[in-house]
Amino acid sequence: MSGVRMQKKNRRALGQSLEMAQFLDSGSNKIKRRIRDLERLLKKKKDILPSNIIVEKERTLEALRLELHNHEVKENIRKNAKKYHMVRFFERKKALRRYKKALKTYKADENEANKEALENAEVDLCYVVNFPKSEKYISIFTEDDTEASAETNLRRKAFRQLVRGKIADKSLPVSLSNILAGKKLSEEAIGVTLDDALSRSNQTDASHQESDEDSDSNENEKEEDDFFE
(Lines give C-alpha, C1' and ligand atoms only; values in the text may rest on other atoms or scores of the structure.)
Protein backbone atom coordinates (compact mmCIF):
# COMPACT_ATOMS: atom_id res chain seq x y z
CA MET A 1 0.00 0.00 0.00
CA SER A 2 2.82 2.36 0.84
CA GLY A 3 4.23 1.84 -2.66
CA VAL A 4 0.89 2.73 -4.24
CA ARG A 5 0.59 5.88 -2.13
CA MET A 6 4.12 6.87 -3.09
CA GLN A 7 3.31 6.43 -6.78
CA LYS A 8 0.21 8.59 -6.44
CA LYS A 9 2.20 11.23 -4.59
CA ASN A 10 4.88 11.22 -7.28
CA ARG A 11 2.24 11.52 -10.01
CA ARG A 12 0.67 14.50 -8.25
CA ALA A 13 4.07 16.15 -7.84
CA LEU A 14 4.81 15.51 -11.51
CA GLY A 15 1.46 16.97 -12.52
CA GLN A 16 2.11 20.07 -10.43
CA SER A 17 5.59 20.45 -11.94
CA LEU A 18 4.20 20.13 -15.46
CA GLU A 19 1.52 22.70 -14.69
CA MET A 20 4.15 25.14 -13.42
CA ALA A 21 6.50 24.44 -16.33
CA GLN A 22 4.10 25.94 -18.85
CA PHE A 23 4.10 29.24 -16.95
CA LEU A 24 7.84 29.59 -16.41
CA ASP A 25 9.21 32.54 -18.39
CA SER A 26 5.77 33.08 -19.92
CA GLY A 27 3.99 36.42 -20.11
CA SER A 28 2.58 38.00 -16.97
CA ASN A 29 -0.95 38.05 -18.41
CA LYS A 30 -0.97 34.26 -18.74
CA ILE A 31 0.24 33.87 -15.16
CA LYS A 32 -2.35 36.35 -13.88
CA ARG A 33 -5.16 34.49 -15.64
CA ARG A 34 -4.11 31.21 -14.07
CA ILE A 35 -3.84 32.85 -10.64
CA ARG A 36 -7.38 34.21 -10.99
CA ASP A 37 -8.65 30.79 -12.10
CA LEU A 38 -7.11 29.08 -9.09
CA GLU A 39 -8.36 31.75 -6.70
CA ARG A 40 -11.91 31.35 -8.02
CA LEU A 41 -11.65 27.57 -7.83
CA LEU A 42 -10.47 27.61 -4.22
CA LYS A 43 -13.08 30.18 -3.26
CA LYS A 44 -16.06 28.41 -4.83
CA LYS A 45 -15.20 24.74 -4.36
CA LYS A 46 -12.95 24.64 -1.32
CA ASP A 47 -15.69 22.93 0.70
CA ILE A 48 -16.10 20.06 -1.75
CA LEU A 49 -12.56 19.51 -3.03
CA PRO A 50 -10.41 16.79 -1.41
CA SER A 51 -7.89 18.17 1.06
CA ASN A 52 -4.92 16.91 -0.96
CA ILE A 53 -6.18 18.73 -4.07
CA ILE A 54 -6.64 21.93 -2.06
CA VAL A 55 -3.07 21.69 -0.78
CA GLU A 56 -1.75 21.12 -4.31
CA LYS A 57 -3.69 24.06 -5.74
CA GLU A 58 -2.62 26.35 -2.91
CA ARG A 59 1.02 25.41 -3.48
CA THR A 60 0.64 26.00 -7.20
CA LEU A 61 -1.00 29.34 -6.49
CA GLU A 62 1.85 30.36 -4.21
CA ALA A 63 4.42 29.32 -6.81
CA LEU A 64 2.58 31.25 -9.53
CA ARG A 65 2.48 34.39 -7.41
CA LEU A 66 6.22 34.10 -6.87
CA GLU A 67 6.78 33.57 -10.59
CA LEU A 68 4.63 36.62 -11.35
CA HIS A 69 6.62 38.71 -8.89
CA ASN A 70 9.92 37.59 -10.44
CA HIS A 71 8.59 38.32 -13.91
CA GLU A 72 7.47 41.82 -12.89
CA VAL A 73 10.84 42.53 -11.27
CA LYS A 74 12.68 41.47 -14.43
CA GLU A 75 10.38 43.55 -16.60
CA ASN A 76 10.82 46.56 -14.33
CA ILE A 77 14.60 46.16 -14.47
CA ARG A 78 14.47 46.01 -18.26
CA LYS A 79 12.36 49.17 -18.49
CA ASN A 80 14.50 51.11 -16.02
CA ALA A 81 17.71 50.03 -17.71
CA LYS A 82 16.44 51.48 -20.97
CA LYS A 83 14.87 54.60 -19.45
CA TYR A 84 17.77 55.67 -17.23
CA HIS A 85 20.69 54.38 -19.28
CA MET A 86 21.90 57.78 -20.45
CA VAL A 87 21.53 59.65 -17.16
CA ARG A 88 23.36 56.88 -15.30
CA PHE A 89 26.05 56.82 -17.97
CA PHE A 90 26.74 60.56 -17.67
CA GLU A 91 26.50 60.56 -13.88
CA ARG A 92 28.96 57.70 -13.70
CA LYS A 93 31.44 59.63 -15.84
CA LYS A 94 30.94 62.76 -13.74
CA ALA A 95 31.29 60.86 -10.46
CA LEU A 96 34.43 59.14 -11.72
CA ARG A 97 36.01 62.47 -12.69
CA ARG A 98 35.19 63.93 -9.28
CA TYR A 99 36.63 60.90 -7.51
CA LYS A 100 39.89 61.05 -9.46
CA LYS A 101 40.16 64.78 -8.81
CA ALA A 102 39.48 64.31 -5.08
CA LEU A 103 42.03 61.49 -4.92
CA LYS A 104 44.66 63.65 -6.59
CA THR A 105 43.92 66.53 -4.21
CA TYR A 106 44.12 64.24 -1.18
CA LYS A 107 47.44 62.76 -2.28
CA ALA A 108 48.83 66.28 -2.62
CA ASP A 109 47.64 67.27 0.86
CA GLU A 110 46.37 64.56 3.21
CA ASN A 111 44.32 66.75 5.53
CA GLU A 112 40.93 65.95 7.05
CA ALA A 113 38.96 68.16 4.67
CA ASN A 114 40.46 66.49 1.60
CA LYS A 115 39.94 63.07 3.16
CA GLU A 116 36.26 63.80 3.73
CA ALA A 117 35.90 65.10 0.17
CA LEU A 118 37.49 61.91 -1.15
CA GLU A 119 35.17 59.71 0.92
CA ASN A 120 32.12 61.63 -0.32
CA ALA A 121 33.30 61.29 -3.91
CA GLU A 122 33.71 57.54 -3.38
CA VAL A 123 30.16 57.28 -2.02
CA ASP A 124 28.78 59.20 -5.00
CA LEU A 125 30.56 56.95 -7.49
CA CYS A 126 29.44 53.77 -5.74
CA TYR A 127 25.92 55.20 -5.49
CA VAL A 128 25.61 55.62 -9.24
CA VAL A 129 26.94 52.16 -10.07
CA ASN A 130 25.13 50.21 -7.34
CA PHE A 131 21.78 51.96 -7.51
CA PRO A 132 19.09 49.25 -7.81
CA LYS A 133 17.87 48.54 -11.32
CA SER A 134 14.42 47.76 -10.00
CA GLU A 135 13.98 51.35 -8.76
CA LYS A 136 13.32 54.63 -10.51
CA TYR A 137 16.79 56.17 -10.66
CA ILE A 138 17.32 59.11 -8.30
CA SER A 139 20.04 61.42 -9.55
CA ILE A 140 22.94 61.94 -7.17
CA PHE A 141 23.83 65.29 -8.72
CA THR A 142 21.05 67.84 -8.23
CA GLU A 143 21.43 71.56 -8.71
CA ASP A 144 18.51 72.36 -6.44
CA ASP A 145 17.18 69.82 -3.95
CA THR A 146 14.07 71.92 -3.38
CA GLU A 147 12.80 70.85 -6.81
CA ALA A 148 12.64 67.24 -5.68
CA SER A 149 9.96 65.90 -3.39
CA ALA A 150 10.66 65.30 0.27
CA GLU A 151 10.34 61.56 -0.33
CA THR A 152 12.88 61.66 -3.18
CA ASN A 153 15.38 63.57 -1.05
CA LEU A 154 14.80 61.12 1.80
CA ARG A 155 15.40 58.12 -0.45
CA ARG A 156 18.54 59.67 -1.93
CA LYS A 157 19.91 60.40 1.53
CA ALA A 158 18.98 56.94 2.82
CA PHE A 159 20.63 55.21 -0.11
CA ARG A 160 23.82 57.27 0.25
CA GLN A 161 23.94 56.25 3.91
CA LEU A 162 23.50 52.61 3.00
CA VAL A 163 26.21 52.79 0.34
CA ARG A 164 28.56 54.43 2.84
CA GLY A 165 27.90 51.61 5.30
CA LYS A 166 28.44 48.92 2.68
CA ILE A 167 31.70 50.55 1.63
CA ALA A 168 32.83 50.30 5.25
CA ASP A 169 31.90 46.62 5.61
CA LYS A 170 32.99 45.79 2.04
CA SER A 171 29.64 44.33 0.99
CA LEU A 172 28.79 46.39 -2.10
CA PRO A 173 27.73 44.37 -5.16
CA VAL A 174 30.29 46.35 -7.19
CA SER A 175 33.18 47.60 -5.09
CA LEU A 176 35.17 50.75 -5.75
CA SER A 177 38.14 48.76 -7.05
CA ASN A 178 35.88 46.94 -9.51
CA ILE A 179 34.30 50.22 -10.60
CA LEU A 180 37.75 51.68 -11.28
CA ALA A 181 38.47 48.55 -13.31
CA GLY A 182 35.45 49.34 -15.48
CA LYS A 183 33.00 46.85 -14.01
CA LYS A 184 29.32 47.48 -13.30
CA LEU A 185 26.22 45.57 -12.21
CA SER A 186 25.61 42.43 -14.23
CA GLU A 187 22.34 41.96 -16.10
CA GLU A 188 21.10 39.55 -13.42
CA ALA A 189 22.10 41.74 -10.47
CA ILE A 190 19.58 44.15 -8.98
CA GLY A 191 21.91 46.21 -6.82
CA VAL A 192 21.43 47.53 -3.30
CA THR A 193 17.74 48.05 -2.59
CA LEU A 194 16.40 51.28 -1.19
CA ASP A 195 14.06 49.33 1.08
CA ASP A 196 17.15 48.15 2.95
CA ALA A 197 18.37 51.73 3.12
CA LEU A 198 15.11 53.07 4.51
CA SER A 199 14.88 50.18 6.95
CA ARG A 200 18.36 50.92 8.24
CA SER A 201 17.59 54.64 8.39
CA ASN A 202 14.37 54.03 10.35
CA GLN A 203 16.17 51.68 12.72
CA THR A 204 18.84 54.32 13.30
CA ASP A 205 16.21 57.00 13.93
CA ALA A 206 14.35 54.70 16.32
CA SER A 207 17.58 53.90 18.12
CA HIS A 208 18.38 57.59 18.47
CA GLN A 209 14.84 58.30 19.68
CA GLU A 210 15.08 55.55 22.30
CA SER A 211 18.46 56.89 23.36
CA ASP A 212 17.04 60.40 23.67
CA GLU A 213 14.06 59.09 25.65
CA ASP A 214 16.36 57.16 27.98
CA SER A 215 18.47 60.27 28.40
CA ASP A 216 15.41 62.41 29.16
CA SER A 217 14.16 59.77 31.58
CA ASN A 218 17.50 59.71 33.39
CA GLU A 219 17.52 63.50 33.56
CA ASN A 220 13.99 63.53 35.00
CA GLU A 221 14.91 60.90 37.58
CA LYS A 222 17.97 62.90 38.54
CA GLU A 223 15.90 66.07 38.91
CA GLU A 224 13.39 64.23 41.09
CA ASP A 225 16.19 62.86 43.25
CA ASP A 226 17.65 66.35 43.61
CA PHE A 227 14.23 67.72 44.52
CA PHE A 228 13.68 65.25 47.36
CA GLU A 229 17.19 65.51 48.79
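Because the structure is predicted, anything quoted here is derived from the model rather than measured.

### Some remarks on the overall build of the protein chain
Here's step 1: Helices and strands together make up the secondary structure of the protein chain, namely 8 helices and 0 strands.
Here's step 2: When the helices and strands of the protein chain are placed in sequence order, the string is α-α-α-α-α-α-α-α.
Here's step 3: Across the protein chain, contacts joining residues at least 24 apart in sequence account for 70% of those joining residues at least 6 apart.
Here's step 4: Surface accessibility of the protein chain: about 16,100 Å² in total, with carbon and sulfur atoms responsible for 50%.

### Some remarks on helix H6 (residues 150–168)
Here's step 1: Counted at 1.5 Å a residue, the expected span for H6 with its 19 residues is 27 Å, and the 27 Å between its end C-alpha atoms agrees.
Here's step 2: Following H6 by one or two positions, Lys-170 adopts a phi angle in the positive range, close to 55°.

### A word on the nonpolar core
Here's step 1: By size, the foremost hydrophobic cluster in this structure holds 27 residues, and its most contacted members are Tyr-127 and Tyr-137.
Here's step 2: The set of elements that each furnish at least two residues to this core consists of helix H4 (85–108), helix H5 (112–130), H6 and helix H7 (176–180).
Here's step 3: Of the residues forming this core, the biggest block, 8 residues, is contributed by H5.
Here's step 4: Beyond its immediate stretch of four places on either side in the chain, Tyr-127 contacts Tyr-137, Ile-138, Ser-139, Ile-140, Arg-156, Phe-159, Arg-160 and Val-163.

### A word on the packing of H4 against H5
Here's step 1: Two elements in contact, H4 and H5, have axes separated by 8 Å at closest approach and are oriented at 160°. The orientation of H4 with respect to H5, classified from their angle, is roughly antiparallel. Crossing handedness for the pair H4 and H5: left-handed. On H5, the residues that touch Arg-88, Glu-91, Arg-92, Ala-95, Leu-96, Arg-98, Tyr-99, Ala-102, Leu-103, Thr-105 and Tyr-106 of H4 are Asn-114, Lys-115, Ala-117, Leu-118, Ala-121, Glu-122, Asp-124, Leu-125, Val-128 and Val-129.

### With respect to a nonpolar patch on the surface
Here's step 1: Side chains of Met-86, Phe-89 and Phe-90 sit close together on the surface and give an oily, nonpolar patch of about 310 Å² of accessible area.
Here's step 2: In this structure, Met-86 sits in helix H4.

### Topic: the packing of H5 against H6
Here's step 1: Taken N-terminus to C-terminus, the directions of H5 and H6 make an angle of 105°; their axes are 9 Å apart at the nearest point. One element, H5, and the other, H6, form an angle in the roughly perpendicular class. On the side of H5, the interface is formed by Glu-119, Asn-120, Glu-122, Val-123, Asp-124, Cys-126, Tyr-127 and Asn-130, while H6 contributes Arg-156, Phe-159, Arg-160, Val-163, Arg-164 and Ile-167.
Here's step 2: Across the contact of H5 with H6, the residue classes break down as 6 nonpolar, 2 polar and 6 charged.

### Digging into the confidence of the model for the protein chain
Here's step 1: Residues at a pLDDT of 70 or more form 69% of the protein chain, whose mean pLDDT is 78.
Here's step 2: For the protein chain, the element scoring lowest by mean pLDDT is helix H8 (residues 194–228), at 50; H5 scores highest, at 96.
Here's step 3: Below a pLDDT of 50 lies the segment residues 221–229, which in the model reaches 0 contacts outside its immediate sequence neighbourhood of four places, other chains included.

### Digging into the packing of aromatic side chains
Here's step 1: Taken as a whole and assessed by the stated rule, the structure comprises 7 aromatic pairs.
Here's step 2: Where Tyr-127 meets Tyr-137, the ring centres are 6.4 Å apart and the plane angle is 70°; that geometry is what we call edge-to-face. Placement of the pair is Tyr-127 in helix H5 and Tyr-137 in the loop between H5 and H6, with a sequence separation of 10 residues.
Here's step 3: According to the relative accessible area criterion, Tyr-137 is buried, its value standing at 7%.
Here's step 4: Ring pairs connect the aromatic residues Tyr-84, Tyr-127, Phe-131, Tyr-137 and Phe-159, which therefore count as one cluster.

### Notes on a positive patch on the surface
Here's step 1: Taken together, the side chains of Lys-30, Lys-32, Arg-33 and Arg-36 make up a positively charged region of the molecular surface.
Here's step 2: Looking at the element boundaries, Arg-33 is found in helix H2 (residues 28–45).
Here's step 3: The partly exposed category is assigned to Arg-33, whose relative accessible area is 46%.

Rules of the game
- Residues numbered from 1 in each chain as written.
- Predicted model: local features only at pLDDT ≥ 70, side-chain atom pairs only at ≥ 80, totals over all residues.
- Heavy atoms only, no water.
- Helix = DSSP H or I, 4+ residues; strand = E, 2+ residues; numbered from the N terminus.
- Contact = heavy atoms within 4.5 Å.
- Areas by Shrake-Rupley, 256 points an atom, 1.4 Å probe, with all protein chains shown as cover.
- Expected span 1.5 Å × (residues − 1).
- Core = buried A, V, L, I, M, F, W, Y, C linked by side-chain atoms within 4.5 Å.
- Buried < 20%, exposed > 50% of the residue type's maximum accessible area, 1.4 Å probe, protein only.
- Axes fitted to C-alpha atoms, helices over the stretch in contact; angles between N-to-C directions.
- Parallel < 35°, antiparallel > 145°, perpendicular 65-115°, else oblique.
- Left-handed = near helix turned anticlockwise from the far one by under 90°.
- Patch = residues over 30% accessible without salt bridge, like charges linked within 9 Å, V, L, I, M, F, W, Y side chains within 5 Å.
- Salt bridge = Lys/Arg side-chain N within 4 Å of Asp/Glu carboxyl O.
- Nonpolar A, V, L, I, M, F, W, Y, C, P; charged D, E, K, R; others polar.
- pLDDT = per-residue confidence, 0-100.
- Phe/Tyr/Trp six-rings, centres within 6.5 Å; stacked < 30°, edge-to-face > 60°.
- Lys, Arg positive; Asp, Glu negative; His and termini not counted.
- Charge placed at Lys NZ, Arg CZ, Asp CG, Glu CD.

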